[in-house]
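Below, each chain spelled out in residue letters.
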Amino acid sequence: MRNAALVLGIVAGLIGMLVGFAGYGYTAAVEYFGEVDGIARQVDDVDQLRLLAVISPILALAGGAMAISRALWGGVLLLASAAGLYAGFGLNVFTIFPISLALLGGLLALAAGKPDEPKAHF
């Protein structure tokens, strides 16, 4: 399950990066060129979308990478990534795969049968 969480997290992070680039670029283009009636309008909270567009894919990549050695932390990061993508972009045709992959990877990492070896966290 840890290996599946690793793969799902990395794939979710890479697809999430594409969604994040598009979202960030869209807000920048509307900011620069202005709104076009019926075609392009600015989102309600530009700063929130831009922050989530950058942070959420990073959380998915980091969570996937941590899933092997620290399944609990990796799972939490993957679930946070799914929540961030949903909060920033909602559920649509472009975000359904990164959100569902990060969610599934996070659940698999949390459900990993072998517990983490006892180590000091800090």
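Conventions and cut-offs
- Residues numbered from 1 in each chain as written.
- Predicted model: local features only at pLDDT ≥ 70, side-chain atom pairs only at ≥ 80, totals over all residues.
- Heavy atoms only, no water.
- Phe/Tyr/Trp six-rings, centres within 6.5 Å; stacked < 30°, edge-to-face > 60°.
- Lys NZ or Arg CZ within 6 Å of the ring centre and 35° of its normal.
- UniProt positions renumbered as here; feature names shortened; annotations may be inferred.
- Helix = DSSP H or I, 4+ residues; strand = E, 2+ residues; numbered from the N terminus.
- Core = buried A, V, L, I, M, F, W, Y, C linked by side-chain atoms within 4.5 Å.
- Buried < 20%, exposed > 50% of the residue type's maximum accessible area, 1.4 Å probe, protein only.
- Contact = heavy atoms within 4.5 Å.

**Digging into the packing of aromatic side chains**
Evaluated as defined, the whole model comprises one aromatic pair. When the centroid spacing of 4.8 Å and the interplanar angle of 85 degrees are considered together, the rings of Tyr 32 and Phe 33 count as edge-to-face. One Lys or Arg, Arg 50, reaches over the ring of Tyr 24 and ends 4.9 Å from the middle of that ring.

**Remarks on the UniProt feature "transmembrane region" (unreviewed entry) in the protein chain**
Mapped onto the present numbering, the UniProt feature "transmembrane region" (unreviewed entry) falls on residues 51–73 and 85–112. Taken as a whole, residues 85–112 contains 71% helix and 0% strand, while its terminal C-alpha atoms sit 24 Å from one another.

**Looking at the nonpolar core**
The biggest cluster of nonpolar side chains holds 13 residues, and the ones touching the most others in it are Ala 12 and Phe 89. The set of elements that each furnish at least two residues to this core consists of α1 (2–33), α2 (46–66), α3 (71–89) and α4 (96–110). Sort the elements by how many residues they give to this core and α3 lands first, with four residues. In contact with Ala 12, other than residues within four places in its own chain, are Ala 60, Pro 98, Leu 101 and Ala 102.

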